[in-house]
Amino acid sequence: MLFQPELETQAPEERAERGAERLRSLVERLARSDSPYWREKLAGVEVGAIRSLGDLSSLPFSAKAELRDTYPFGSLAVPLAQTVRIHASSGTRGKPTIVAYTARDVEIFAEVNARAIGCAGGTPADVLHVAYGYGLFTGGLGLHYGGERLGATVVPASGGNVQLQLELLADLGASGICCTPSFALLLGERAAESGLRERIALRYGVLGAEPWSEGLREKIQEAWGGGFAACDIYGLSEVMGPGVAMECREGRGALHVFDDHFLPEIVDVESGEPLAAGETGELVLTTLTKEAFPVLRYRTGDVTRFVEGPCPCGRTHRRIARFSGRVDDMLVIRGVNVFPSAIEAALLDDPALGGQYAIVVDRRGTLPELEVHAELQPGADRELVERRLRERLAARLRVRVDVVLGEAGSLPRQELGKAKRVFERTGERDEFQQLLRSP
Ligand code: DLL
């Protein structure tokens, strides 16, 4: 369902014209703001020289480290009294970044998430179960406001408490669920075990906040049955939260970037130079309409490419491919670059394996070694699957990988937050063993 049909199907040239006006007014606003961060960054930038979106590449980048250095409010572009809400990035890579919203920002946050839920097939008649964490994390409240804005009946379930969540999904008749893909799979597994699966009639999932492969999508869709569409939602706190880009159920494989609000570029990771259409690089985002906490050419660290051509859903937003990882997630194993997402894809291509896995980087020797833990489906031949997986991983990654297969259900499940898949093992500390030992 299109929540804002005129805006979502607007001719790209018209949107670009409006975008250039918005960009000009953003730069003007930031250069005049009270924030020394913005005044310094924009010193020497001539606002009059910004005539079209093509001029974007002449503007300076902003980076996560700068936002962290100006903690908490150094890059705030309005007086704090004009803001109505605070969120924070999850802080898994250091100190959290504080982000703030004006009332207008909260309105747009809700609008883009209403669009996103519509992309997955959501309607105002739905009961929508939101199982992203509520709190400083943007996921819960972002999709909550989006669901309400769409007119759905929102159930603010938040994370954890799997049994209660399953009962609510069944009793309240939810058609849509918003949560991380790993939690969608966990709920699906437990629904089957507890016998509640038959009483749950989910049609779609708005799944994101962590990378996930096509293989995991298949597992989730299998767990929830034929009619369930698992759709990918992308976003980040520094730019807004969820609702920056969303996959529609008609054109799966690519995400619509809501580019009337968030302007995407893809640049070379090393040089920062814009890449040609179709080339893979780092996604850079500029917020065109945000008031409190705008970003200019923000280096997201997320790796993707533009996907050209019209989408069958009729939306005209620029599309990007699903994410292959983060610039800083890349493991370097004996000189070879390995993205955890490539390991996930290789694992989930094997029908004899479940959707849970863990990657251990063993750094006890001179050179790091990779160890992959996964779960064998009941009845599968362990030796055969182990050998098959070892060979597939070696062929695809070009490094040797140790494979350890356990029974279905033997790996720890995470009920809160983003799935942690990569664990470090050093002489002093073994994160994976610690996890296995924790209750
Ligand atoms: O994860 C916002 C969000 C909430 C998105 C709910 C989607 C759903 P942060 O905690 O700031 O914000 O983390 C942002 O998570 O830079 C990506 O590396 C990663 N990420 C988010 N969505 C996806 C996705 C929220 N669909 C960081 N695929 C981003 C891959 C994703 N990675």
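From a predicted model like this one, the values you see are computed outputs, not experimental measurements. (Residues numbered from 1 in each chain as written. Predicted model: local features only at pLDDT ≥ 70, side-chain atom pairs only at ≥ 80, totals over all residues. Heavy atoms only, no water.)

Brief notes about the site of the ligand
Near the ligand you find 20 residues, and of these Asp232, Ile233, Ser237, Asp302 and Lys418 are the closest. Here a nitrogen atom of the ligand and a backbone polar atom of Glu210 are 3.4 Å apart. Of all elements in the fold, only helix H6 (138–150) and strand E7 (229–236) reach the threshold of two or more residues within the shell around the ligand. For the shell around the ligand, the element with the highest residue contribution is E7, accounting for five residues. (Near = heavy atom within 4 Å. Polar contact = N/O pair within 3.5 Å; in protein donor to acceptor, adjacent residues only side chain to side chain. Helix = DSSP H or I, 4+ residues; strand = E, 2+ residues; numbered from the N terminus.)

Examining the domain arrangement of the protein
Here the domain parsing of the protein yields domain 1 (1–325) and domain 2 (330–437). Placing a centre on the C-alpha atoms of domain 1 and another on those of domain 2 gives a separation of 29 Å. Between domain 1 and domain 2, the contact holds 23 residues from the first and 19 residues from the second. Buried surface at the junction of domain 1 and domain 2, summed over both partners, amounts to about 1500 Å²; 53% is from carbon and sulfur atoms. The tally of links from domain 1 across to domain 2 stands at two salt bridges. The closest approach of N and O atoms between Arg190 and Glu415, which form a salt bridge, is 3.7 Å. Between domain 1 and domain 2 we count seven residue pairs in polar contact (both at pLDDT 80 or more) in total. Of all the secondary-structure elements, those providing two or more residues to the side of domain 1 that touches domain 2 are helix H8 (181–194) and helix H9 (214–224). A total of six residues in the side of domain 1 that touches domain 2 trace back to one element, the largest contributor, which is H8. (Domains from an automatic or database assignment. Contact = heavy atoms within 4.5 Å. Buried area = accessible area lost by both parts, 1.4 Å probe. Salt bridge = Lys/Arg side-chain N within 4 Å of Asp/Glu carboxyl O.)

Thoughts on the sheet that holds strand E19 (residues 369–376)
If you walk across this open sheet you meet the four strands as E20-E19-E18-E21, and the pairing is mixed. The open sheet terminates on both sides in strands that have one partner only, identified here as strand E20 (401–407) and strand E21 (422–425). When the angles between neighbouring strand axes are averaged without regard to direction, this sheet yields 25°. Where E19 meets E20, seven bridges bridge the pair, whose relative direction is parallel. Pairing of Val372 across the sheet is with Val403, part of E20. The sheet strands contacting helix H10 (residues 340–348) are strand E18 (353–362), E19 and E21, and the helix crosses E18 at an angle near 140°. (Pairing = 2+ DSSP bridges. Axes fitted to C-alpha atoms, helices over the stretch in contact; angles between N-to-C directions.)

Comments concerning the sheet that holds strand E11 (residues 281–287)
Across the sheet, four strands lie side by side as E10-E11-E12-E15; this open sheet has antiparallel pairing. Edge positions in the sheet fall to strand E10 (262–267) and strand E15 (325–326), since each of these pairs with one other strand and no more. With two bridges joining them, strand E12 (residues 298–304) and E15 adopt antiparallel strand pairing. By the bridge assignment for E15, Val303 is matched with Gly325.

As for the pairing of E12
Across the seven residues of E12, seven count as buried, placing the element largely inside the fold. Both E11 and E12 contribute to a ladder of four bridges, which runs antiparallel. Bridge pairing in E12 links Glu282 to Val303. (Buried < 20%, exposed > 50% of the residue type's maximum accessible area, 1.4 Å probe, protein only.)

Notes on the packing of H10 against helix H11 (residues 382–397)
Between H10 and H11, the least distance of the axes is 10 Å, while the angle of their chain directions is 140°. Two packed elements cross with a definite hand, and for H10 against H11 that hand is right-handed. Of the residues in H11, those in contact with Ala342, Ile343, Ala345, Ala346 and Leu347 of H10 are Leu389, Arg392, Leu393, Arg396 and Leu397. Of the residues belonging to the contact of H10 with H11, the class tally is eight nonpolar, no polar and two charged. (Left-handed = near helix turned anticlockwise from the far one by under 90°. Nonpolar A, V, L, I, M, F, W, Y, C, P; charged D, E, K, R; others polar.)

Examining the environment of Phe3
Note on placement: Phe3 falls in the segment before helix H1 (5–8). Judged by its relative accessible area of 16%, Phe3 is buried. With 312 residues separating them in the primary sequence, Phe3 and Arg315 have C-alpha atoms 11 Å apart. Leave out the neighbours within four places in its chain, and Phe3 touches Glu8, Glu111, Ala114, Arg115, Arg149 and Leu150.

Section: the nonpolar core
With 64 residues, the main nonpolar core has Leu23, Val206, Tyr234, Met246, Leu285 and Ile320 as its most contacted residues. The element best represented in this core is helix H5 (residues 103–120), accounting for nine residues. (Core = buried A, V, L, I, M, F, W, Y, C linked by side-chain atoms within 4.5 Å.)

Looking at H5
With 18 residues, H5 should reach 26 Å at 1.5 Å per residue; the first-to-last C-alpha distance of 26 Å fits that figure. Across the 18 residues of H5, 15 count as buried, placing the element largely inside the fold. Downstream of H5 by one or two residues, Gly121 has phi in the positive range, about 110°. (Expected span 1.5 Å × (residues − 1).)

Quick look at the environment of Leu30
Positionally, Leu30 belongs in helix H2 (residues 12–32). We classify Leu30 as buried; its relative accessible area is 0%. Considering only alpha carbons, one finds Leu30 and Ala77, 47 residues apart in sequence, at a separation of 6.4 Å. Excluding residues that lie within four positions of it along the chain, Leu30 makes contacts with Trp38, Arg39, Leu42, Ala77 and Pro294.

Concerning the packing of H8 against H9
Two elements in contact, H8 and H9, have axes separated by 9 Å at closest approach and are oriented at 35°. The two elements H8 and H9 cross, and the hand of that crossing is left-handed. Contacts between H8 and H9 involve Pro181, Ala184, Leu185, Leu187, Gly188 and Ala191 from the first element and Leu216, Lys219, Ile220, Ala223 and Trp224 from the second.

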